[in-house]
Every structure is written in C-alpha cells, then in structure tokens.
Amino acid sequence: MTKKSMIVIGALFLLIIGLVFSNVIQPQEQGTGYSPLTNKQQEELEHRGMDQVLADDLSMTTSMFLSQLSFQLQRWAEKDISTTTLRTKFEEELREHPHFEGFAIVEDDDITVSVGHVQDDKVKEITTQNTTYSAPYQHDDKQYMVMREPLTETKDVIGVIDLQFVTSYVKDIASVADGNGNFFISGGDRTKANWTSTTDLPENITAQTVPELGWQIVVHSEEEEQDQREYYPRQAVVKFTNEEEGLRWLHNNETLSIKEDSSPYYVIESTEYETVDLVQLLPHEIDIDFVEPNYVITKQATVQVTVPNDEFFAPYQWNLSQISAESGWNFSGGDEDIIIAILDTGVDPDHQDLAGKVLEGFNAIDGSSDTTDEHGHGTHVAGIAAALTNNVTGIAGVAWENLILPIKVLDENGEGTSFEVARGIRWAVDNGAQVINMSLGDYHSSFALHDAIKYADNHDVILIAASGNDNVSTPMYPARYKEVLTVGAVTENRERAFFSNYGGHIDVTAPGEHIPSLFPNNNYVVMSGTSMAAPHVAGLAGLIKAANPELTNKQIYRIIKKSSEDLGRRGRDPFYGHGEINVSNALQKIR
C-alpha cells in the first residue's frame, strides 16, 4: 500500500477568533426583542453552546477516524501478509503512520501472523467476545485500543491503535470516558476534571457520544476571562511621512529602538514610555502618516455535476454540495496561475492533499520563509479553499487547480499582531497573490492593517475575511473594511450559525459548522467557525479569476454577491448579507 493511500484521521478542537457561541439566545432578526435572562445567564448559555459545538466536532471526527481504520483493516486483510516482503512493507507502514501500533491475523482464536505491538490477551479478549472494539487499555504509560474486522467465520484481522491522537486533540478542554463510563483520558490538569466515571459529572456539563464506541466526550472548557492585553506593551507601529528622515530621528533617540522592520511599517519599542504615551508623543516629535498600538490579532441542481472521487467527499462534505460546487466545477476547476494566499498559522506543505500545491511563502513573524504550521488552523483553512481534488484521497477543495501561498502571521497559539498581518498582506501582494484569505481578526481598527488592505486593493487583489465568532454585531477588523468581502457562517440547514457575527458589513455567507478538512501530518479534522466559511469564498474567487483573469476584484465581488442564494429576510440583511454563495450560479454569470 502506498503512503498516499494510507489515511490517518485525527481531531482537534480549537477556539477560533475567541469563540463565544450561543445555540439558545439568538439576536432578534425583527424588532428589538426582549430577553428575561440576566447577562450572566446569557453568558452561561452561550458558553454551553460553544462547548456543544466542540463536542459535536470531536464526536464526528472520531467517527471518521474509526471508519477509515476499518477500511484499512479490510484492505490489509486482502493481502497475504505472511510473506516476508509484505511483512516488511507493513512494518514500514507502521513506522510512517504512528496511529497504528500493530497488526495481526487471528484464525480459530490463534494469532497466526502479527506485526508490531500486539498483546495476545487483548486480541483474544476481543475475538472471544465477538466485539468490534476493545475497551481502552494502558501499556507502558500509553493508551491503546484493539479493533477487529471479521474475514470469515473463523478468521479475523486485528489492528492495534495508539490513542495518543485523542490526547493530542482534547488538550485541556475535554475528557474521554470509555463505554463503561470510566475516564481514561483527561485533558490538561486533572484537578480541573477530577472524575473517575461519568457518575461523578456535575449537572449541566456538555457531552457527546461517539456512537461506534459508546465513548463519552465531555467538554469542560472554562469560561475565558477577557484577555486584557489588547496590544503589546511599550510598542507602537509607525509609518513615517519621510522614511529616511524618520529613521535618522529614531536612531538618534536613545529611548527608542526598532523592534520590527518591514518598510514602510516599523514596530518601535521604548525603554521609557508606555504605548499610550508613545502614540501621543510621537506626532509631536516627527512627521508621521500614523502611529498606533501593535494590536493583538487572533485566529478566527439539475445541471450536470462533477462528482470527485475523494473518499471523504460523498459521506462528509455536505458543505460543497450545499454551495453547488459539483455543477460549478463543470465551468471552472481553477488555474495554477491564480494564487490564493492563506494568511494564518502556516500551511503543512507535505500533507498528501496539498502535494505540489504549496508555494514557498513568508513568515511575517520572524521574516523568514519558514511557514511551518504548528497550530493546524492554517492547514485546515487551506484545505477548504484548495485541497487536491479527484485524487481518490481525503477531501475535495473548492479550487481544484489553484496554488496556495502560505503567509504565517499567527503563531503556534493562533495569535499575531496587526503589524505582522499588515506585513504579510504586503508580502503576499508583492509575491503574486491574486486572492488573500484572512480567517482572523480583532475588534481594533488599525492604521497599519488598513493601509496594507488598501495597498492590496489598489493592486486589484481579492480580499476575503471571516466575520468573527462572538455572536455580536460589533464589527471585527479586517472584516469591517470596505475593501474586503466579509463572510459569515451558515449551518447544514442554511441557518445562520449561532456563533457567526452579524451586521451591515456582512457581504455573504458560506458553510461554517462541522466542516471537514486537513490537519498537519496527513490528518483530517472537523472544525467550526467563520474561519471555515471564509475559505469557501476564497476558493470561489479563485475559480472565477481562473475562468476570466481579466475581471477586477470589484467585479468579482459583485458576481459573488449577485449569484448568492438569498436567505433570511428578502434582500440583503445583517445576518446573511446577500445570501449563501453558489459556485455554479457565480461561474455561469461569467460564461
């Protein structure tokens, strides 16, 4: 079996753009409305809604993982692995894919062939009990599970699964109980969730069942205190009116130094003044275009259809069918000359569903070309926009042929600054990006960020931004800027996702709840957020630009808006904008 055909699925729950959900309290779409709940009660309900989305994503991804493991066991069982050659190949497979720890053939309750870590008693337990999955067990401080696929009445194929993947994605926000209700994985510090079994759970805690296993996924994320750090202390971003004169003045000032240099923007740092003082004093000392704090930014058809053969497309990618991608692909599959920049946490260029599609990018944090994704958010976003499609493997992306330009502006925690995002935008423009996706945001308007946005707009670059996940009408930036096409999120029922920010600045919506896509190291995960909605639109923009490269960014914005399917109140409204994007309608408009 080739490395490409081996699919390993993991899962991770991420708080994207400071998620604050509510599946109980919705903003009133008509009239002012009235809620008898206190602010505290409403916050608690919103927090429980957030936890439920996380639990649902986790359960769905685990089910995907189990489905693929079963499929792989069936394929391996068809081979005569008793030969030395095939045994060697299987051992190589185990080394490449750490989720699998061992493999065995059992006939008449006896192990006839085994490779890797296989415990006889665990194998016999599952075969004699005639069950598909064993309970999780611990060996050498690691958690394992045994999985069985019957071949004949007397012969089974067994897989031993390393459950480290579960620990890696629950992190400190969830715990996992086995089918008997006993917790075998607890995210983070056990003092936060010191439960022995599900009978110990407090009331109103959020959980979801993995149906194949009977596991309980219990989310116990604590209500986050508002991060008071809105900007980096003793720093300011400045753009000089006369750059040469400004730098000369700066070098002669002993209390100031250049923290980051990305002409025409500079981050200066002071040993004497706080940020507020810097912003007030600098305009009196030297001529500047602007000076501002270095803000913290976080990750946030009866027509003939083309059905790709990607293995997850039919069972999981409802999102692409909902926006009529299949019929749209008859008009455009994209073009490798049209580059989509992903401003995010980086992108995994070695993922099997991005092979050959990821260009050398830019790290706006340290100025290097290292765009390694240590977080996973950026790889997930890139996959939605433009994963390899019709390659039998994994998922389908919206833009089949378009290339990805990774711009790392957020770190391993999904956090960056307004300076770094502005720096990344300008680098993307100067290095050939025709579309820029920004699944990130902050509630502060930044001169540097807007200046870079206008720079991209003046160079006819298509700018796509996520609206934010706080279920509020307060606009985020860059989503608020008029040069940007702003995207909200809808569900599989074409209803506004309860976390999706709303307001007059919303242009269109796209699927954003329970979206499957890529994750580093050949993994696949399900995630939710307007971060997931935006790259659907970026991919569509890439398809339109590929079909007619002469179209300007403004013309493409109009096409996307006018071709969207109206949702909510008739006409444009603050919850859905012009409606949900429709790939087929958009591409037919430019024929």
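First, a word on what this report is: a plain description of the structure on this page. Here the structure is a predicted model, which is why all the values come from computation and not from measurement.

For the rest of this paragraph, the subject is the sheet that holds strand 10 (residues 235-240). The antiparallel open sheet is built from four strands, whose spatial order is 11-12-10-13. Both outer strands of the open sheet, strand 11 (256-262) and strand 13 (288-292), are each paired with one neighbouring strand and no more. Going from strand to strand, the sheet's axes swing by 25 degrees on average, the running direction of each strand aside. Where strand 11 and strand 12 (residues 265-270) come together, six bridges link them in antiparallel fashion. For E260, the partnering residue across the bridge sits in strand 12 and is V267. Where helix 5 (residues 243-251) meets the sheet, it contacts strand 10, strand 11 and strand 12, and its direction lies at approximately 145 degrees from that of strand 11. Against the sheet, helix 12 (residues 447-458) touches strand 10, strand 12 and strand 13, its axis set at about 130 degrees to strand 13.

Taken together, the buried positions of helix 6 (residues 275-285) are occupied by T275, L278 and L282. Projected down its long axis, helix 6 carries its buried residues within an arc of 35 degrees, all on one side. Opposite its buried face, helix 6 presents the exposed residues Q280 and H284, each directed more than 90 degrees away. Where helix 6 is buried, its residues touch strand 10, helix 5, strand 11, strand 12 and strand 13.

So, on to the packing of helix 10 (residues 377-386) against helix 13 (residues 530-547). Packed helix pairs are characterised by how far apart their axes lie and by the angle those axes make with each other. The geometry of helix 10 relative to helix 13 is characterised by a closest axis approach of 7 Å and an angle of 40 degrees between their N-to-C directions. Classified by the angle their axes make, helix 10 and helix 13 are oblique. Of the two elements, helix 10 crosses helix 13, and the hand of that crossing is right-handed. Residues H377, H380, V381, I384 and A385 of helix 10 touch helix 13, and the partners they reach there are S531, M532, P535, H536 and G539.

Going through the model one piece at a time under the given rule, you end up with 15 salt bridges. Close ionic contact of K408 with E374 constitutes a salt bridge, the shortest N to O distance being 3.9 Å. Taken together, the positions of K408 in strand 17 (residues 403-408) and E374 in the loop between strand 16 (362-363) and helix 10 put the pair 34 residues apart, joining distant regions of the chain. A salt bridge links K482 to E483; the shortest N-O distance between them is 3.5 Å. Given a relative accessible area of 5%, E483 falls into the buried group. One salt-bridge network, held together by shared partners, links K239, D289, R426 and D451.

With antiparallel pairing, the four strands of this open sheet are ordered in space as 7-6-9-8. The sheet terminates laterally at strand 7 (183-186) and strand 8 (206-210), the two strands that pair on one side only. For this sheet, the mean angle separating the axes of adjacent strands, direction not counted, is 20 degrees. Relative to strand 9 (residues 215-219), strand 6 (residues 174-177) is paired through four bridges, and the arrangement is antiparallel.

Along helix 3 (residues 120-128), the residues that are buried comprise V123, I126 and T127. Within helix 3, the buried residues cover an arc of 100 degrees as seen down the axis, which keeps them to one side. Each element contacted by the buried residues of helix 3 is listed here: strand 1 (100-107), strand 2 (110-116), strand 4 (142-150) and strand 5 (155-162).

Turning our eyes to something else, we now look at the environment of W318. Tracing the sequence through the fold places W318 in helix 8 (residues 318-322). C-alpha of W318 to C-alpha of P516: the two residues are 198 residues apart in sequence and 9.4 Å apart in space. Apart from residues no more than four positions distant in its own chain, W318 is found in contact with V490, T491, E492, P511, E513, H514 and I515. Within the structure, W318 has its side chain in polar contact with the backbone oxygen of H514 (distance 3.4 Å).

The element strand 19 (residues 433-438) is extensively covered by neighbouring structure, given that five of its six residues are classed as buried. Bridge count for strand 15 (residues 339-344) against strand 19 is five bridges, and the pairing is parallel. From the neighbouring strand, I339 faces strand 19, where its bridge partner is A433. Where strand 19 meets strand 21 (residues 462-466), four bridges bridge the pair, whose relative direction is parallel. Across the sheet, I436 pairs through a bridge with L463, a residue of strand 21.

With that settled, the discussion passes to a negative patch on the surface. A cluster of acidic residues, E107, D108, D109 and D110, forms a negative patch at the surface. Inspection of the secondary structure assignment puts E107 in strand 1. Relative accessible area serves as the criterion here: at 33%, E107 is assigned to the partly exposed category.

Let us now look at the packing of aromatic side chains. Counting across every chain of the model gives 13 aromatic pairs. Geometrically, the ring pair formed by F290 and F447 is stacked, given 5.7 Å between the ring centres and 20 degrees between the ring planes. By relative accessible area, which is 7% here, F290 ends up buried. In textbook terms, an aromatic cluster arises when at least three aromatic residues are bridged by ring pairs, as seen for Y265, F290 and F447.

Right, let's talk about the environment of T379 for a bit. As for its position among the elements, T379 is in helix 10. Taking the C-alpha atoms as reference, T379 lies 7.9 Å from T345; in sequence the two are 34 residues apart. With near-sequence residues (within four places) excluded, T379 lies in contact with G346, V347, D348, D373, S517, L518, F519 and P520. Within the structure, the side chain of T379 is placed 3.0 Å from the backbone nitrogen of D348, a separation counted as a polar contact.

A separate point is the environment of D56. When you line up the elements, D56 lands in helix 1 (residues 39-77). You can call D56 buried: its relative accessible area is 19%. C-alpha separation for the pair D56 and V210, spaced 154 residues apart in sequence, amounts to 9.2 Å. Once residues within four sequence positions are removed from consideration, D56 is found in contact with Q208 and H514. Of note is the side chain of D56, whose polar atom sits 2.7 Å from the side chain of Q208.

Definitions and limits used
Residues numbered from 1 in each chain as written. Predicted model: local features only at pLDDT ≥ 70, side-chain atom pairs only at ≥ 80, totals over all residues. Heavy atoms only, no water. Pairing = 2+ DSSP bridges. Helix = DSSP H or I, 4+ residues; strand = E, 2+ residues; numbered from the N terminus. Axes fitted to C-alpha atoms, helices over the stretch in contact; angles between N-to-C directions. Contact = heavy atoms within 4.5 Å. Buried < 20%, exposed > 50% of the residue type's maximum accessible area, 1.4 Å probe, protein only. Arc of directions from axis to C-beta. Parallel < 35°, antiparallel > 145°, perpendicular 65-115°, else oblique. Left-handed = near helix turned anticlockwise from the far one by under 90°. Salt bridge = Lys/Arg side-chain N within 4 Å of Asp/Glu carboxyl O. Polar contact = N/O pair within 3.5 Å; in protein donor to acceptor, adjacent residues only side chain to side chain. Patch = residues over 30% accessible without salt bridge, like charges linked within 9 Å, V, L, I, M, F, W, Y side chains within 5 Å. Areas by Shrake-Rupley, 256 points an atom, 1.4 Å probe, with all protein chains shown as cover. Lys, Arg positive; Asp, Glu negative; His and termini not counted. Charge placed at Lys NZ, Arg CZ, Asp CG, Glu CD. Phe/Tyr/Trp six-rings, centres within 6.5 Å; stacked < 30°, edge-to-face > 60°.

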